[in-house]
Amino acid sequence: LQANKLYYKAVIALVILTFCEVPPWCHQRSPSQDIWTWIAPEQWCHVPDDGNPYLSNIWYIPPGIGLIIEVVIEIIILRKFLLNWQLEKTHFVPIGVQYHNSRVIKAGLFFAVGSMVDTILFTFTRMPVQFTWIFRTGLLFILPGVQRVYTLIFNRRMIGEFASVAVFFVVFVLFFAWVTVTIFKDLDTVAYQSEEEIVRANEGLATLKEATYSLFVAGIGEGFVDNFLPSFFVYRVSGIFWLVFLVIGQILLLNLVIDAFVAAYLKGSEEELDRKAEVQAHSIHDAFLTLSVGNGQHQRVPKDVFLEFLQDLGQSPRMFPIDRETAEIIFEHFGEVTEEKFLDACRVIQNPVWVAPKDSCVARCAPRFWEEPFFSWVRQLVWEPEELPAFDVFMNQVLLLNLVLVVAQSAYNLYGWEQPALLRNLDLFFAFAYVGEVLVKLSVKSWSEYCSFWGNQFDFMTTWLLLFTTLLPYLPFATVQADLKRYANILRLLRLVRVVKQLKQFPRVQFMVATVSRMVNAAGDILQLLGVLLFFFSAFSMNVFGGVLYEGKEALEDTEYGKKHLYIFNFNDMSMAFITFFAQLLSEYVPENATALQVASSWGNIAWYIFPCFYILGVAIIFEITKAFTIEYYLAIKEEAEDGDEEKEEEPKGSVLRKEMEGQLEIMEKVSSRLEEHHHLNLCYTMYNDSYKFQYQMKKAYEHCLEAGRNDHH
């Protein structure tokens, strides 16, 4: 379990390292730079003619230090896969069961070793290309979440559904391109003059290659105006021709291609959810039969067996460890774990559950002060009422007063007025008021109880951040004072972070926050795949096209890329490459970037295809699926909420799903009350809201198992 946690942290560190490394093209062009010295980015990366490469201005980690960091990261990753290999060979192969995919283990070992060797060669031989886009992308690609969603999207049925409609779209574009060339080939009348350039009516439509590209861009993005404007400028009747193409191509066929793929994905994910629910239900039932004693209706799991089962289950990297005391409380709640109750017990322990002492150290260190009437009153303010304690209500009012102060200070700043000393003193008052809030809560609640809630962690961090920024002007450092004049407005906005907490009391805000949280949680796998795709294209482009696009390159000056000053979209380091493709993701397709790369690169006639490839994989497939998934998921959540407000004779499906979740919450609340009453401890837990439907399907499948078992007994 520890190796698994370190593995995920190492993968995150590897991604961060990739963004902070010296780009290979810079490393090659600066052979005299010391690989152990920190220097400014512009000293690493040089372009001809004193051009501006528009780097991200992140200080790159020296290659020597980067190599050491990479070796440590890869050792952690190698250890994880070697442990998986040992576990598989020792425990699962002898019984003919596969727990870890052997191909994934071998791939992980290969990518980890390959990444280390690649970095060593890059550091000491100053190669112009580093193969991070192969090895590091491979390590990201074999992450479990990425593998799960990849198998759902890129399978034979999904590709078949997509290809059947996509081929029709391609044929339609080619047909219209042929018709367009036939019509406009010789219609080279001057349409208009843009600066010193003469634009003719058949601009981009004179050859089959040009027409195909122009219609492709017009069919998938928003660039159809630029493509069709010259011809429409001279021949108004051509507008009818282009209207037909746009209606059929962009509105109908393109959406049909995307919708076919999305529909196939949603159908596949639905079937996969049902399959997993059925498999898990059968596994839980088989586990009960293995652990239980007795026969027929008297079958049950003994307490010692149940506790040992939870202890062993907590060793799995896919489960959450539960201490023995909490496990005993859970068992006592169920009384006895029968065949019917075993599923509910397993559904409770599948979520993170932990116990935290309720009272602070003051109760142990100063018991007399703890029982004083004044401190008892303070404790009551902090704890009661449970829904919204009185102390929180008071601090919410303080937050509103702070908001008024921030607005007043902003008004003084906008109009250039001199701030009164009173406003500056009030800054200190509110900063120390928030510190007082934290100290009061920690004097009543234990640290583990306080940190069990995200809101308290948020308060703790923002409180000390606000205090630090408030005290900065009073420090006797001239450089600090100078920087504060530049960043005073930004620091002042940090106070608003605490005010955001006030919004949580509004039901609509609560609903939207919960909805966004559930959507992000549910879409975690597909967002991981999207991130891996962006990482791959960014790393590949930085290594292959780094140093190609920059301001000052003569070949780019007459392109739309140069005229619109799009030099910021380049591949000169990892951050800028990532931003370029992320902008492409949101803009669907940017032909200016493709044209610039075609003109600037030495093998531009091939290089520019990187953008259509990214459009097909990133935009048309994964991003569209992500959007469709989030929309459908939001509608499902909205339906659940609306069903809860309406009473109907027939129980809607959304209410059934919600009742499943409420049943689990009821169990957790009963266990929590029992724990607090008898042990003065708080039971803390996190319910995974995205699993309502899965839990419902699993319960149905488990009931079928019970019914089948009863029929066998009869």
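As a further point, take the overall build of the protein. From N to C terminus, the protein includes 32 helices and six strands. The buried share among the 714 residues of the protein stands at 45%. Counting only contacts in the protein whose residues sit at least 6 apart along the sequence, the fraction spanning at least 24 positions is 72%. When the accessible surface of the protein is split by element, carbon and sulfur atoms take 62% of a total near 37,700 Å².

Moving on, we get to the pattern of salt bridges. Scanning all chains against the criterion turns up six salt bridges. Of the charged contacts in the structure, one is a salt bridge between glutamate 21 and arginine 136, with a shortest N-O distance of 2.9 Å. Here glutamate 21 is found in the loop between helix H1 (2–20) and helix H2 (24–29), whereas its partner arginine 136 is found in helix H6 (residues 132–141), with 115 residues between them in sequence. On the accessibility criterion, arginine 136 (1% relative accessible area) is buried. Here arginine 136 and glutamate 70 are joined by a salt bridge, their closest N and O atoms 2.2 Å apart. In this pair, arginine 136 is assigned in helix H6 and glutamate 70 in helix H4 (residues 63–92), connecting sequence segments 66 residues apart. Of the residues examined, glutamate 70 reaches a relative accessible area of 0% and is grouped as buried.

Glancing now at unusual backbone geometry. A cis amide bond, omega -10 degrees, links glutamate 384 with the succeeding residue proline 385. Structurally, the position occupied by proline 385 is in the loop between helix H17 (373–383) and helix H18 (390–414). Positive phi values are uncommon outside glycine, yet asparagine 57 reaches one of about 65 degrees. Examined against the element boundaries, asparagine 57 turns out to sit in the loop between helix H3 (41–44) and H4. Judged by its relative accessible area of 58%, asparagine 57 falls in the exposed class. One non-glycine residue with positive phi stands out, namely histidine 565, at about 55 degrees. Structurally, histidine 565 can be placed in the loop between helix H26 (560–563) and helix H27 (574–587). Of the residues examined, histidine 565 reaches a relative accessible area of 40% and is grouped as partly exposed.

Ranked by size, the top nonpolar core spans 101 residues in total, and within it Ile77, Ile153 and Tyr265 carry the most contacts. Here this core takes 13 residues from helix H30 (residues 610–645), the largest share from any one element. If we ignore the near neighbours within four places in the chain, the residues touching tyrosine 265 are Val149, Leu152, Ile153, Met158, Ile526, Ile625 and Phe629. Within the second largest apolar cluster, 27 residues are counted, among which are Ala281, Val301, Phe306 and Ala345.

This part covers the packing of aromatic side chains. Applying the stated criterion across every chain, the model contains 51 aromatic pairs. Taking the centre distance of 6.2 Å and the plane angle of 40 degrees together, the rings of phenylalanine 175 and tryptophan 178 count as tilted. Residue phenylalanine 175 and its partner tryptophan 178 are both found in helix H8 (residues 156–184); the two are separated by three residues, about one turn of the helix. The exposure class assigned to phenylalanine 175 is partly exposed, which follows from its relative accessible area of 47%. Measuring from centroid to centroid gives 6.4 Å for phenylalanine 578 and phenylalanine 582, while their planes differ by 10 degrees, and the two rings are stacked. Of this pair, phenylalanine 578 and phenylalanine 582 are both found in helix H27, four residues apart, which corresponds to roughly one turn of the helix. Residue phenylalanine 578 is classed as partly exposed on the basis of its relative accessible area, which comes to 26%. Aromatic rings pair up to connect Phe131, Trp133, Phe536, Phe537, Phe540, Phe545, Phe571, Phe581, Trp603, Phe611 and Phe614 into one cluster.

Take the side chain of threonine 338 next. By secondary structure assignment, the location of threonine 338 is in strand S4 (residues 337–338). Given a relative accessible area of 14%, threonine 338 falls into the buried group. Filtering out sequence-adjacent residues up to four positions away, threonine 338 remains in contact with Phe288, Gln299 and Arg300.

Its 24 residues place the ends of helix H19 (residues 421–444) 35 Å apart at the C-alpha level, agreeing with the 34 Å of an ideal helix rising 1.5 Å per residue. Of all the residues in H19, the buried ones are Leu423, Asp427, Phe430, Ala431, Tyr434, Val435, Glu437, Val438, Lys441, Ser443 and Val444.

Okay, the state of the cysteines next. A disulfide bridge is the covalent bond that connects two cysteines by way of their sulfur atoms. Tallied over the full model, the rule gives one disulfide. Each sulfur in the disulfide pair cysteine 26 and cysteine 45 lies 2.0 Å from the other. One disulfide, between cysteine 26 and cysteine 45, carries an S-S torsion of 105 degrees and so falls in the right-handed class. Residue cysteine 26 is found in helix H2, and its partner cysteine 45 is found in the loop between H3 and H4; the two are separated by 19 residues along the sequence. Exposure remark for cysteine 26: the relative accessible area of 0% places this residue in the buried category. You can call cysteine 45 buried: its relative accessible area is 5%. Cysteine 365 supplies the cysteine sulfur nearest to cysteine 361, a cysteine that is in no disulfide, at a spacing of 5.0 Å. Here cysteine 361 falls in the partly exposed class, since its relative accessible area comes to 42%.

Bringing the environment of lysine 358 into the picture now. Mapped onto the elements, lysine 358 comes out in the loop between strand S5 (353–357) and helix H15 (362–365). Along the primary structure lysine 358 and tyrosine 450 are separated by 92 residues, whereas in three dimensions their C-alpha atoms are 8.8 Å apart.

Bringing the confidence of the model for the protein into the picture now. Averaged over every residue, the pLDDT of the protein is 81; residues scoring 70 or more account for 86%. Across residues 647–654, confidence stays below pLDDT 50; counting only partners more than four residues off in sequence or on other chains, it has nine contacts.

One can describe the packing of H19 onto helix H21 (residues 454–471) by two numbers: an axis separation of 9 Å at closest approach and a directional angle of 145 degrees. In this structure, H19 meets H21 at a crossing whose hand is left-handed. Where H19 approaches H21, its residues Asp427, Leu428, Ala431, Phe432, Tyr434, Val435, Glu437, Val438, Lys441 and Leu442 are matched on the opposing element by Asn456, Asp459, Phe460, Thr463, Trp464, Leu466, Leu467, Thr470 and Leu471. Here the contact of H19 with H21 is built from residues that sort into twelve nonpolar, three polar and four charged.

A surface patch of negative charge is lined by Asp49, Asp50, Glu554, Glu557 and Asp558. In this structure, aspartate 50 sits in the loop between H3 and H4. By relative accessible area, which is 79% here, aspartate 50 ends up exposed.

Now for a nonpolar patch on the surface. Judged by side-chain polarity, Val237, Ile240, Leu243, Val244, Val247, Ile248, Ile251 and Leu252 come together as a nonpolar surface patch covering roughly 710 Å² of accessible area. With respect to the element layout, valine 244 can be found in helix H11 (residues 238–291).

Right, let's get into the environment of valine 438. Examined against the element boundaries, valine 438 turns out to sit in helix H19. Residue classification places valine 438 among the buried positions, given a relative accessible area of 2%. Note: C-alpha distance between valine 438 and aspartate 459 (21 residues apart in sequence) is 7.7 Å. Once residues within four sequence positions are removed from consideration, valine 438 is found in contact with Tyr450, Phe460 and Thr463.

Definitions and cut-offs
- Residues numbered from 1 in each chain as written.
- Predicted model: local features only at pLDDT ≥ 70, side-chain atom pairs only at ≥ 80, totals over all residues.
- Heavy atoms only, no water.
- Helix = DSSP H or I, 4+ residues; strand = E, 2+ residues; numbered from the N terminus.
- Buried < 20%, exposed > 50% of the residue type's maximum accessible area, 1.4 Å probe, protein only.
- Contact = heavy atoms within 4.5 Å.
- Areas by Shrake-Rupley, 256 points an atom, 1.4 Å probe, with all protein chains shown as cover.
- Salt bridge = Lys/Arg side-chain N within 4 Å of Asp/Glu carboxyl O.
- Core = buried A, V, L, I, M, F, W, Y, C linked by side-chain atoms within 4.5 Å.
- Phe/Tyr/Trp six-rings, centres within 6.5 Å; stacked < 30°, edge-to-face > 60°.
- Expected span 1.5 Å × (residues − 1).
- Disulfide = S-S within 2.5 Å.
- pLDDT = per-residue confidence, 0-100.
- Axes fitted to C-alpha atoms, helices over the stretch in contact; angles between N-to-C directions.
- Left-handed = near helix turned anticlockwise from the far one by under 90°.
- Nonpolar A, V, L, I, M, F, W, Y, C, P; charged D, E, K, R; others polar.
- Patch = residues over 30% accessible without salt bridge, like charges linked within 9 Å, V, L, I, M, F, W, Y side chains within 5 Å.
- Lys, Arg positive; Asp, Glu negative; His and termini not counted.
- Charge placed at Lys NZ, Arg CZ, Asp CG, Glu CD.

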